[in-house]
Structure formats: C-alpha cells, structure tokens
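A closer look at the structure
Residue strings, one per chain:
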Amino acid sequence: MACERALLRYRVGEKIHGFTVSQVTSVPELSLTAVKLSHDSTGAQHLHLAREDRNNLFSVQFRTTPMDSSGAPHVLEHTVLCGSQRYPCRDPFFKMLNRSLSTFMNAFTASDYTLYPFSTQNPKDFRNLLSVYLDAAFFPCLRELDFWQEGWRLEHEDPNDPQTPLVFKGVVFNEMKGAFTDNERMFSQHVQSHLLPDHTYSVVSGGDPLCIPDLTWEQLRQFHATHYHPSNARFFTYGNFPLEQHLKQIHEEALSKFQRIKPHTTVPAQKPWDKPREFQITCAPDSLAAGSSEQTTISVSFLLPDITDTFEAFTLSLLSSLLISGPNSPFYKALIESGLGTDFSPDVGYNGCTREAYFSVGLQGIAEKDIQTVQDLVDRTLDDIIEKGFEDDRIEALLHKIEIQMKHQSVSFGLALTSYVASCWNHDGDPVELLKLGSQVAQFRKCLEENPKFLQEKVKQYFKNNQHKLTLSMKPDDKYSEKQMQLEAEKLKQKVNSLSPEDKQQIYEKGLELQAQQSQPQDASCLPALKVSDIEPRIPFTEVEVALAAGDIPVQYCTQPTNGVVYFRAFSSLNTLPEELRPYVPLFCNVLTKLGCGALDYRELAQQVDLKTGGLAATPHVLPDDSHLDTYEQGVLFSSFCLDRNLPDMMHLWSEIFNNPCFEAEEHFRVLVKMTAQELSNGVPDAGHLYASIRAGRMLAPAGDLQETFGGMDQVRLMKRIAEMTDIKPILRKLPHIRKHLLNCDNFRCSVNATPQQMSQVENSVDNFLRTLSRSKKERKPAHPHVVEKPAPKGPGRHSPFTRKLVTDPTFKPCPLKTHFQLPFPVNYVAECIRTAPYAAPAHASLKILARLMTAKFLHTEIREKGGAYGGGARLSYGGIFTLYSYRDPHSTETLQSFLKAIDWAKSGRFTQQDINEAKLSVFAAVDAPVAPSDKGLDCFLYGLSDEAKQAHREQLFAVSHEDLVDVSNRYLGAGRSTHGMALLGPDNESIAKDPSWIVR
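Some thoughts on the packing of aromatic side chains
- According to the stated counting rule, one finds 40 aromatic pairs in the structure shown.
- Both rings, one in Phe 825 and one in Tyr 829, keep their centres 6.1 Å apart while their planes meet at 80°; by these two values the pair is edge-to-face.
- Phe 825 gets classed as buried once you look at its relative accessible area, which sits at 7%.
- The lysine or arginine in question, Arg 221, covers the ring of Trp 217, its NZ or CZ lying 4.6 Å from the ring centre.
- For Arg 749, the ring lying beneath its charged end belongs to Phe 941, and the centroid distance is 5.4 Å.

Dropping the structure here:
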C-alpha cells in the first residue's frame, strides 16, 4: 500500500532531487501518509499525500494578492495557458485535453491564490501533463495577442470593417460580465470586500468588467514576474505514483532554473473595528419574479480569527454548522421559519477562504421594510444560544457527519484535499494539521467535557461581543442593468476618445492579425501525447448478483471495498402516475424526506437522518433506452448511505417514510417551497446552457417532454408560481396522490453496495424493509398505453434477471421547436439539438467521437476564441440527442450560424487521422473516468446496461474511422436529415422577435 510504503521509506532530513524532507506523518483516518518537503535553493514548498489511489493528482498554487480590480490574476491564469517556451503552440492547455487521459484539468483564481490542478490514472500521462503545467506556470510566452484574446481588447464590431463601431471584447471580460449578473455572487463579493477592506480582499480578483479595460499587457507581465516564482509556490502531489519521480521532474524542468527571492505577497491581518458598520448596494431584479416587492437581501457578518489556528477554525466551522444547518438549528428556526424571506442570504455560515475567517447569516427574498426585523432576530437568537446552548444530539449528529465523510470515498479525493488545504497553507498554516480530523474531533470532545459551556462562550466572544460586524443589504433597482450598460458605454467612449488616428489604424490591423492567427491551422506537434494504443482495450468487469427479496422484488448486490459504509438505492416506476401530477414529482421528491414521517415531526426526522445516515434523497429520473429513441423508463431513485452499525436504523427510516409519510405540515411545506424556488432561479445563470439544451431537445423524442417537465425552465417557472401562491393547500393535497403511485413495491427494484462482510446483515435489513411495503390490491393501469417489458441483462453467473417496464410512443413524430426565454442577462446561452442514434447503434460511437472532434477542432475556435463566449461545444447524450451549445455568449443568431458552419465542416471531412485519434483519447478519458466503490454497478441497475454492452460500445469507439465520421455527419446532421430543435436564454433579441418561427417566452 502506498501510504505504508511512504511511512517506511522517507526520513526527516533526507535529501531527494534538490528537496529536503521536513516531516513524515501518518493520517490513518484518511488512509494516507503526508510527506512535507522544501526545495533547498528556492524555498518552494511541497506536500505529498501517499494513498492507495490510482487517480493521482498534481497542483501548484501561487499566492496572488492583487491591489486593484483589473483582474490581473484571472487574466494571467487564462494567458499562461496560451503557450510557453517548450510548448509555444497556441493554447496548449485546451490541446492537452485531447492528447491525454486526464480525469481532471483546470485552473482556478481565488481571492488570494491561483491554483493549477490536474489528475490522471496513467503514469506516462502524469509526466506529460506535469511537463506542460510546469512550463505554462513558470515559462509562459504571455504574447500580446493572447492577452488581447483572453483579457480584453478594443476591436471593431466586425473586425473586417473599420466603419463598424469599436467595442470591448475578450474572454475574461465576457466571463466577468456574466458573473456580475449573478446577484448571489455579487452579494458574496461585497460581504468580503466590506468586511476586509484593508488589503487584497477589498478588490475583485476575477476582475470587475468596468476595471478590466485598465489592465495593460505590461502590468500583466509584471504580475507574473513577482507572483509566479518558486519562492511563492506550493506544490502538491497525491496518489500512489512514486514521489521521487515527481520531485526529479519538478526540480529539473522548473525549479533548478531559479534563485530564491523574498516574495512580498503576505496578506497582513485586518485591523479590527471599534464599532459595527452598515452598507447598502443595489442589483438587477430577479428575472423570474417580475413585479414582486420582496427581493431584498440582508446579512450580518462577523470577522473571526486567523484560519491558520487549525483547532479554533475547526471549532468555529462546527459551531457555524450548529447555528445554521437543518431545521433544528437556531437560525433556521428564527429566520427561515419567520416567513419573512425565501432562503438564507448567499454565503451563509463559516467562510474560511480568507486569511481571517468570517461568519455570515441573513435572509434573501425579504421586503425592504423588514431589514431591521431581521437584524433584531439575529441579535435575539445569539442571546438565546448563549443562554441555552445546544442539544447533545445535535453535536453528536455533526460529529457523525464528519466520521461518515471521512469513510465515504469520492473519485476526486485528491482534488478535494488540495482544495481543502489551499487557503490555510496559502497563509503559511500547517496543511497536515488540517488533515488530522480524528485528533481535532477528539480535542473538541475533550473541550466540551471539561467545559459544557465551551460553545456558548465562543458565541459570546466571537458574535455577541464582536465589534467587527457588518450589516449588508441589497435591493433591486429596475434600472440596474441599464446603468451598468451606461457605465460600460462611458468607459468605452473614454477609451475611444483618447485614441489618435494612428492608434485606431493599429487597432484595426491588430484585430485582423488576431483573426488571422485564430484562423490559422495549428501545429500542436511540440506537445507530448498519449497514443490510442495507450488506452486499455478492455474494461474491468464489475461483479453484480441479482436475487429476489420479500418474495418477488429484485435486489442487485455489488460487493465493493466501501470502507465500512453501506450504500442503498431503490428505483420505483412512475408508469401509473396520471399526466396532470407529473410536474409536481420533483417537488414531491424534494420534500418527501423533509416533512416528517410516522411518529417523527420534521425536526425529529432531520435529527435522525443526521445521526444515523449520510443523507436520504429522492430524485426523479428519465432513463432513455439503449436501443430505441422513442422508449424510456420513468421513475424515482431513492438513495442513501450509512455506517454499517446504523443500517437497521436507516432502513427503519425508509420504512417509515414509505409507509407513513407526513403531508400535513403546511407551514414547513411553504418554507421548503420558497427555498426550492429561490435555489432554482439563482441557479439559472450558472446552468443556462443546460436549460437551453433541455428545451431545444424537448420535442425530439418522447423522453424530452418529461425531461423539460422535471428539470427544465418549465419546472423553474412552476416552482416560482407555487412559491407566490397565497393558498398552498391545493398543492399539498396533490402529494398523497403521487404517493399512492410511487411509494409501493409494484414495479420496484433495489441495489446495495457494501463489503463482503456486511452482505448477510444487509440482505436481512433490506428484506425486512421490503416486507413492510404496501402492494396494490389490483394491478393499477399504466397512465401510458404503451408499456414495453425489457429483461435486465443476463451476465456470466447472473441468474433471475428482472424486467424493467419502459414506455414507448409508436405514434411519436419529432417536431422542430425554437424557443427564446427572455431573461435580463447581458449574455446568451444558445443550444441546438438534433435527433440521432441510440447508444447501442454503431452510429452512436461515431457521433460521440464527432462531437468531441467538432468541439476541439472547430467550435472552440469559433465560439470562444473568435466569438468571445466563455465556452461552447458539441456533445451526444446517452439518449441519442446531439447538442451544440454556447455558454455566456455575447452572440446569439451568429452562434446558430457557427453551428451550421460546424456541421458543414464535419460533412466535408476537413480533419486528419491525428485529429480523430485526439478526439478518441478525449472520449475515452470520459468513458474511463474512475468510478467510486459506492457507484459501481449503477449503470446496470438504472439503465440495464451490462458490461458486455459497454465493451461492445468500447470496440465501436476504437473502430471509428474518417469515413464513418463523414457518413454520420451527412446522415444525421445535414439539413433535412433529422429534426433540429433550438433554444436561447438571454436578453431581448430584435432579429428573433421578427422571426415568426420562434416562440418568445
């Protein structure tokens, strides 16, 4: 095992490839060994976490502390990835996505650091990516044209026509314009900058769209020279690959070329205030709650101690959870249940990302007149807590949560760890102390034993008697977007007016030069690459066994190394549910585990769920068939997990929820409805492309309409409508009707993932649960006339396969639908969907490779580099819907033209064998992404997809040829071949308003 090897292998004081080992610590609660080193000649720090995990991760982080809002660290993060000394080609970062089997590749700009992580399961790939990342970070080209493309530039609206007006363009400029329309994000930014006004936290590290045009190319290069230096760097490696190899490569390719400097990037402590402060800001009105007067947000925030005091930070983050998490917490009772607002204010709770942490609590969706009431409630609640303290059970539930989180294995554990230690380590805290959760829990228990009022005293010290307290309120202003546009127009005018005729000529020429550079065929041959032959030809098969329980209910058992955790899932069909109840299924799922059951009211249920499980969830699912586009399965997936000692308790909770759910708590139901509606509408700017894609595919297959009902804009609007109803009883009355069709064991199946030692106990518990479920006296008729029975796949050693009941529509005719959702965003989200071929068809494999090829070789250049959108591409869904999309896009109808051009490009076959091989690598990186022990066998359980079927699909992917790609482009994507649907989310659009084929909503 990697962690045992590291513990025996490394000694403090040992020198390895220019580094010296300073600490070797075992962290048994996370099954890893931490090795800390420092680089002798530059002082660079390195943390290696050795753990038996194939998904190895590397990251390098720099402390980046800007003093203005021009976005230097963010533009730099983009620009260093545009070419470096060893890899001078344009955009090596995006090109490596297609030359690698990476499981993750990205870069992040935080308030005070910039992080560059990647992960992969392949050792050769790790070395390739490490080489590209090191060169990008330490030796980037930082060409002026790349700064223009990624940061900001002045350019003619049509670069070919100097008569068109000059406008601002640039990827980061547009990205931040999009980000600034997100009211939650704006609010969080202001909390931070007003609470910590003395230094780097008072500015926007990502860049304020009105300040980005002040950044010069020279300033960008200067920022790199002072911040991206080994003496200001922290290296992190994780997994089971040998550390020596990493150190040797980091030393030889980067660190050996530098001398130590003294970086001046330390963030000083914020000077504490002697009295509280208040601020007001404005924002754009909520696009989905037009006319509502209750759109004000308010929060009260307190400055807390330095995050490098690990135990104090641990205590305060636990205390914060006790204050705000779940319906038993004092602030939930005082604020959420007051009925004054819709949900907590953004960034509620403990925030440990800045040098000094802070805690924030408040409400959104309140009336302006209630601002003072909320402030009084916050103060009163704190007084209450100091007097009464917390129930022991709530503290136990929280410590149980930490225990189960330590045992639950995610596939991106390395990424989770690098993110977890980043802030503390950034300010020279000890990252290893932070990982020793076991000893922190023990110390916490000891403090409570010695002083039962331990937590109350903290509340008094850090909240009640804290003068460094900020009250921030934000209210909508109907003219907000107009004013922002006006400010941008003034900024533009000021820039343009200062230009001489020579400057203007130069801008025109630079614009043409950039366009020419973007259109040139690109040579990426300098970059390292894996070959298709490096991909494993076969997938490892997952053993699953299906047995009948409680008489006739199929249960799939999958034996996995789950670390003492049991994962239980059940799937129940929606086939008998009447049509008119369908839109309410997501709401039913959302509240089912939150309203109470049996003898437990909603507070007691929440307490039991936290004490005994890792959570109980219900989610609606539309599962397309693998061989027929017009066939799908509809149902609800119930999922949960627990420590094996709590299994009987968890199954008992499910049994109570299924047999005696409570649908009476009207007040609490209203609270949940408002929170759900608020979360959905806040999520639209981040997921606009997904909403557009769901809508564009709505009429292309029978499953599309249901997907829109469950998860599209229709659902967002329905929830907003319900949240605004004065009488919510009629909605509450629908829930027992849905229950009748769903919470019984007709058309039901279960699955369990656990260790071999747990299986016999699990079988008993599941059997007992199933015997408590009700059965229909007479068989209910399906609401849908056409039901197809499909046996689950038989595999080697699998007996008694179960049947899945799918619905189909033999009369279905796809129809082209174009919808524009008008929303007050300054950017668009565009999607076009095409009906193609199902998973099992050979054409599906070709279309999957084609989607990747079109993204990498055509759409990325057209939509991001030339168009200035934050993202764009093509993808193929399991259900055979081919989607072209863009994200945070300054264009709309032009992007639809780019989609057409992309299809013509594909049909003409203007791509090489090398391009195809790269697309295959990229597709296989996704196909072979690691699967956690908790999720093994899930495709078989949900989709009836056997390992044999996956292997057949894999062989089809390997076999895809140039000819196949041209063939499927012509057969499916060409005009008049298949039905296309389109959708757009974004501002008013003149050309669409004039076009009668579009529906505007």
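Notes on the environment of Arg 86
- In this fold, Arg 86 is placed in the loop between helix H2 (72-79) and helix H3 (92-96).
- On the accessibility criterion, Arg 86 (46% relative accessible area) is partly exposed.
- Spatially, the C-alpha atoms of Arg 86 and Phe 941 are 47 Å apart, while their sequence positions differ by 855 residues.
- When near neighbours in sequence (up to four residues on either side) are disregarded, Arg 86 contacts Ser 131, Asp 135, Glu 253 and Cys 526.
- Reaching out from Arg 86, the side chain makes a polar contact with the side chain of Ser 131 at a distance of 3.4 Å.

A few points about the pairing of strand S19 (residues 553-559)
- Of all seven residues in S19, six are buried, a share of seventy percent or more.
- Examined bridge by bridge, strand S18 (residues 545-549) and S19 share five bridges and lie antiparallel to one another. Residue pairing for S19: Leu 548 is matched across the bridge by Pro 554.
- Counting the residues between successive antiparallel strands, the hairpin from S18 to S19 contains three residues, one of them, Ala 550, with a positive phi of roughly 50°.
- Examined bridge by bridge, S19 and strand S23 (residues 748-754) share five bridges and lie parallel to one another.

Digging into the side chain of Thr 164
- By the secondary structure assignment, Thr 164 is in the loop between strand S9 (153-156) and strand S10 (166-169).
- Within the local environment of Thr 164, its side chain forms a polar contact with the backbone nitrogen of Glu 157, the two atoms lying 3.5 Å apart.
- Polar side-chain contacts of Thr 164 include one of 2.8 Å to the backbone oxygen of Asp 161.
- Aside from chain neighbours lying at most four places away, what touches Thr 164 is His 156, Glu 157 and Asp 158.

A few points about unusual backbone geometry
- In this model, Ser 31 sits at a positive phi of 50°, which is unusual for a non-glycine residue.
- By the element assignment, Ser 31 lies in the loop between strand S2 (19-27) and strand S3 (32-39).
- Residue class for Ser 31 comes out partly exposed when judged on its relative accessible area of 34%.
- Not every positive phi belongs to a glycine, and Arg 888 is a case in point at roughly 45°.
- The residue Arg 888 is located in strand S29 (residues 881-889) in this model.
- Residue classification places Arg 888 among the buried positions, given a relative accessible area of 4%.

Here's the deal with the pairing of strand S21 (residues 616-624)
- Of the pairings in the sheet, the one linking S21 to strand S22 (residues 631-643) comprises nine bridges and is antiparallel in character. When the bridges of S22 are listed, Leu 616 appears paired with Ser 640.
- Hairpin connection between S21 and S22: a loop of six residues separates the two successive antiparallel strands.

A closer look at the pattern of salt bridges
- Summed over all chains, the structure comprises 60 salt bridges.
- Glu 918 serves as the salt-bridge partner of Lys 857, at 3.3 Å between the closest nitrogen and oxygen. Of this pair, Lys 857 sits in helix H30 (residues 842-866) while Glu 918 sits in helix H32 (residues 913-927), placing them 61 residues apart in sequence.
- On the accessibility criterion, Lys 857 (28% relative accessible area) is partly exposed.
- Among the charged side chains, a network of salt bridges with common partners joins Arg 99, Lys 857, Asp 915 and Glu 918.

Regarding the state of the cysteines
- In the structure shown here, the tally under the stated rule is zero disulfides.
- Left unpaired, Cys 283 is separated from the closest cysteine sulfur, that of Cys 211, by 19 Å.
- Of the residues examined, Cys 283 reaches a relative accessible area of 4% and is grouped as buried.
- Of all cysteine sulfurs, the one in Cys 89 lies closest to Cys 526, which takes part in no disulfide; the gap is 3.9 Å.
- Take Cys 526: its relative accessible area is 32%, and that puts it in the partly exposed class.

Side note on the sheet that holds S29
- Read across the sheet, six strands follow the order S28-S29-S27-S30-S26-S31 without closing on themselves; strand pairing throughout is mixed. What marks the edges here is a single partner per strand, and that holds for strand S28 (871-876) and strand S31 (999-1000).
- Bridge count between strand S27 (residues 828-835) and strand S30 (residues 980-986): six bridges; the pairing is antiparallel. Each bridged residue has a counterpart across the sheet, and for Tyr 829 the counterpart in S30 is Leu 985.
- Its contacts with the sheet place H30 against S28 and S29, and it is angled at close to 170° to S28.

Examining the environment of Thr 709
- As for its position among the elements, Thr 709 is in helix H25 (residues 702-711).
- Spatially, the C-alpha atom of Thr 709 lies 9.2 Å from that of Val 585, the residues being 124 residues apart in sequence.
- Once you skip the residues sitting within four places of it in the chain, Thr 709 turns out to touch Arg 582, Pro 583 and Gln 715.
- From its side chain, Thr 709 meets the backbone oxygen of Asp 705 in a polar contact 2.9 Å long.

Thoughts on the side chain of His 689
- Here His 689 lies in helix H24 (residues 688-696).
- The class for His 689 is buried, based on a relative accessible area of 15%.
- Here His 689 is in contact with Tyr 829, Tyr 885, Ser 886 and Tyr 887, once residues within four sequence places are set aside.

The rules behind the values
Residues numbered from 1 in each chain as written. Predicted model: local features only at pLDDT ≥ 70, side-chain atom pairs only at ≥ 80, totals over all residues. Heavy atoms only, no water. Phe/Tyr/Trp six-rings, centres within 6.5 Å; stacked < 30°, edge-to-face > 60°. Buried < 20%, exposed > 50% of the residue type's maximum accessible area, 1.4 Å probe, protein only. Lys NZ or Arg CZ within 6 Å of the ring centre and 35° of its normal. Helix = DSSP H or I, 4+ residues; strand = E, 2+ residues; numbered from the N terminus. Contact = heavy atoms within 4.5 Å. Polar contact = N/O pair within 3.5 Å; in protein donor to acceptor, adjacent residues only side chain to side chain. Pairing = 2+ DSSP bridges. Salt bridge = Lys/Arg side-chain N within 4 Å of Asp/Glu carboxyl O. Disulfide = S-S within 2.5 Å. Axes fitted to C-alpha atoms, helices over the stretch in contact; angles between N-to-C directions.

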